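Letter by letter, the chains look like this.
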Amino acid sequence: MNNRDDRRSQFKKGIDGDESRRRRTETTLSLRKSKKDEGIAKRRARVMAPPSAISGDVSSSAVVDSTESKKIYTTSDIPSLMQQLHEIQQSGVMDSEKLKNIAQGFRKIMSVENNPPVHEVLSSGALPYLIHMLSLVDDEKVHFEAAWALTNIASTDQTSTIVDAGAVPPLVNLLTSASADVREQSAWCLGNIAGDSTKLRDTVLASNAMQPLILNITKPASKSLFTNCVWTLSNFCRGKPQPEISQVEAAIPAIVEILKGDNEEAKVDALWALSYISDGDEEHIDAVLKSNITNLLVETVGYESKLLTPALRTVGNIVTGNDKQTQAMLNADLLHKMQFLLNHERRIIRKEACWVLSNIAAGTENQISAVLGKHGCMAQVTEMAETATWEVRKEAIWTVCNVATGGTNFQVQSVVECGAIDAVCSVFDINDTKMLMVALDALQEILRVGQELGKDYCSFVDECDGLEKLEKLQEHASDDVYNKAVKIIETFFGCEEGSEDENLAPAINGDTFAFGIPQKQLDESFEAECPANGSGSQPFATFNFAAV
């Protein structure tokens, strides 16, 4: 391994692989907080019926429950509903119509936008009956109303309660119901369950829900069914730790087909699903790349739409992989879209763009050259590394530093010509130990290259007050920062050999010059430790030039 490869092994993907993955997690959290439509609607309750609702002859989804039944249910009706359930149980006769009305009553009680009385329903003991209705009778209307009621429970903080009570297996079975409305409602409920936590998501996946869900996506009976099933699919893929690739890989071909369609809402959810799958190890990334999705992804990040954020997130995940996986995105002409992304009005897009570039810049020599060769790209990134808001600036700094620590001497020279020294030295004012170490490592490499190429990069550092900042870092609380700053100063800014020490300048005393340090200025501890000192020490000589 040559010296450059040895350096790259130390700095690949931002110093090391573990560090890169930590940065991915931080970025993901920030992105999700800023992307409201990605997460905020995922725990939904259904308040109105679907277009082809079974419980009545309903032709429009805008028709509310009151048209299905004149009866208005409130929590005061819970005792009566429970009494009816007990009577049916005691009689042993499963009256489908009564069961449907009872399930409908409970779901209407909980079909309110704010503070649905879920606790009151659960406290009544209705939950086991509702779950039993999913498989007790061969009546689609009962299945639909029971699944709807359970969906509304799953949209609250009581999701685990219905899972613990055994709701998942019968809901999965209903994904193959003859009724499209039952399939849709069951998928909706399973989506709420999977979106609650990774533990519940894994419970759903372990119940073999993926394949029947995909079948409903590839052969949808209605637009509503299709859209809701795609949303559920995104929740099946979502969360950390990730599902095993074997559990979600079958969804990728379906996702690709969705992205070729014209349902914008479904395409957004499908892209988020793809971003979740790709946000993993090389095996996950390979599974995505096998679908030949790169050109479509690059096309999507080149214009403004609701698809931009999840598409860019997926691209960013892919370039965190190995060099071959990163190259797949470059081969799709990703860098051609960077100017649009770096100049985007939304901060999160600019941040993601710099994050993508930082991982490309941590790649091979050719990949670094591709970044440097994109006209104006690196100059803009170095400017952002100095002046952008911190979220964006941090990723831009990573880009500059990855080139400096992993590039060839010529590539380091190129990034210096783009303003890298000013950008790196600007970091020394920041109270972030990790970023300080990244910047110090980069500066050390830049100065080393400068020495090898005969470039006076030290003066560049001094001109942007970098040396003064380095000296202040000698007072930093971190030993690592202190030691690195001292090493750089001593290696590149120390006194030149043969330079004159002010203490060795001749002192004038009348017509004589005294060379050396005056005896009275010697430190007492030095006198005690040096055997040449003391009463028998050699006196300092004086020379009277006037007498010559």
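Quick note: structure is the one above.
Please read these numbers as outputs of a predicted model, since none were measured by experiment. (Residues numbered from 1 in each chain as written. Predicted model: local features only at pLDDT ≥ 70, side-chain atom pairs only at ≥ 80, totals over all residues. Heavy atoms only, no water.)

Quick look at helix 17 (residues 264-278)
Then, in step 1: The end-to-end C-alpha separation of helix 17 is 21 Å, in line with the 21 Å expected for 15 residues at 1.5 Å each.
Then, in step 2: Taken across its 15 residues, helix 17 has 13 buried, putting it largely inside the fold.
Then, in step 3: Where helix 17 starts, the residue carrying a side-chain oxygen 3.3 Å from the main-chain nitrogen of glutamate 265 turns out to be asparagine 263. (Helix = DSSP H or I, 4+ residues; strand = E, 2+ residues; numbered from the N terminus. Expected span 1.5 Å × (residues − 1). Buried < 20%, exposed > 50% of the residue type's maximum accessible area, 1.4 Å probe, protein only. Polar contact = N/O pair within 3.5 Å; in protein donor to acceptor, adjacent residues only side chain to side chain.)

Notes on the packing of helix 26 (residues 390-406) against helix 27 (residues 409-417)
Then, in step 1: The contact between helix 26 and helix 27 brings their axes to 8 Å, and the two run at 150 degrees. Taken as a pair, helix 26 and helix 27 cross one another with a handedness that is left-handed. Taken together, the residues of helix 27 that come into contact with helix 26 (itself represented by Val400, Val403 and Ala404) are Gln411, Val412 and Val415.
Then, in step 2: Of the residues belonging to the contact of helix 26 with helix 27, the class tally is 5 nonpolar, 1 polar and no charged. (Axes fitted to C-alpha atoms, helices over the stretch in contact; angles between N-to-C directions. Left-handed = near helix turned anticlockwise from the far one by under 90°. Contact = heavy atoms within 4.5 Å. Nonpolar A, V, L, I, M, F, W, Y, C, P; charged D, E, K, R; others polar.)

Digging into the nonpolar core
Most often, soluble globular proteins keep nonpolar side chains buried together rather than apart.
Then, in step 1: Judged by nonpolar contacts, the single largest core of 159 residues is most densely connected at Phe106, Ile162, Ile193, Leu334, Phe428 and Leu470.
Then, in step 2: For this core, the leading source of residues is helix 29 (residues 433-453), giving 11 residues.
Then, in step 3: Those residues within four positions of phenylalanine 428 in sequence are excluded, and the remaining contacts are Leu436, Ala439, Leu440, Leu443, Gly466, Lys469, Leu470 and Leu473. (Core = buried A, V, L, I, M, F, W, Y, C linked by side-chain atoms within 4.5 Å.)

Focus on helix 11 (residues 180-194)
Then, in step 1: Compared with the 21 Å implied by 1.5 Å per residue over 15 residues, the 21 Å span of helix 11 between its first and last C-alpha is a close match.
Then, in step 2: Most of helix 11 sits inside the fold, with 14 of its 15 residues counted as buried.

Notes on the pattern of salt bridges
Then, in step 1: A complete count under the given rule lists 14 salt bridges for this structure.
Then, in step 2: Here lysine 260 makes a salt bridge to glutamate 257, at a shortest N to O gap of 3.7 Å. The same class applies to lysine 260 and to glutamate 257, which are both exposed.
Then, in step 3: The partner of lysine 267 in a salt bridge is glutamate 264, and the shortest N-O contact between them spans 3.4 Å. A residue pair is termed a helical-turn pair when its members lie 3 or 4 positions apart in one helix, as lysine 267 and glutamate 264 do in helix 17 at 3 residues.
Then, in step 4: What makes lysine 267 buried here is its relative accessible area of 10%.
Then, in step 5: Looking at glutamate 264, the relative accessible area reads 40%, which means it is partly exposed. (Salt bridge = Lys/Arg side-chain N within 4 Å of Asp/Glu carboxyl O.)

Some points on a negative patch on the surface
Then, in step 1: Together, Glu383, Glu386, Asp422, Asp456, Asp462, Glu463, Asp465 and Glu471 make up a region of like negative charge exposed at the surface.
Then, in step 2: Listed by contribution, the elements that provide at least two residues to the negative patch are helix 25 (377-387) and helix 30 (457-463).
Then, in step 3: Within the secondary structure, glutamate 383 sits in helix 25. (Patch = residues over 30% accessible without salt bridge, like charges linked within 9 Å, V, L, I, M, F, W, Y side chains within 5 Å. Areas by Shrake-Rupley, 256 points an atom, 1.4 Å probe, with all protein chains shown as cover. Lys, Arg positive; Asp, Glu negative; His and termini not counted. Charge placed at Lys NZ, Arg CZ, Asp CG, Glu CD.)

Some thoughts on unusual backbone geometry
Then, in step 1: Proline 241 follows lysine 240 through a cis peptide bond whose omega is 0 degrees.
Then, in step 2: The topology assignment puts proline 241 in the loop between helix 14 (223-237) and helix 15 (245-248).
Then, in step 3: For asparagine 208, which is not glycine, the phi torsion reads 60 degrees and is therefore positive.
Then, in step 4: Take asparagine 208: it is sitting in the loop between helix 12 (198-206) and helix 13 (210-218).
Then, in step 5: For asparagine 208, a relative accessible area of 58% puts it in the exposed group.
Then, in step 6: Unlike most non-glycine residues, asparagine 292 shows phi in positive territory, near 55 degrees.
Then, in step 7: Tracing the chain through its elements places asparagine 292 in the loop between helix 18 (282-289) and helix 19 (294-300).
Then, in step 8: Residue asparagine 292 is classed as exposed on the basis of its relative accessible area, which comes to 66%.

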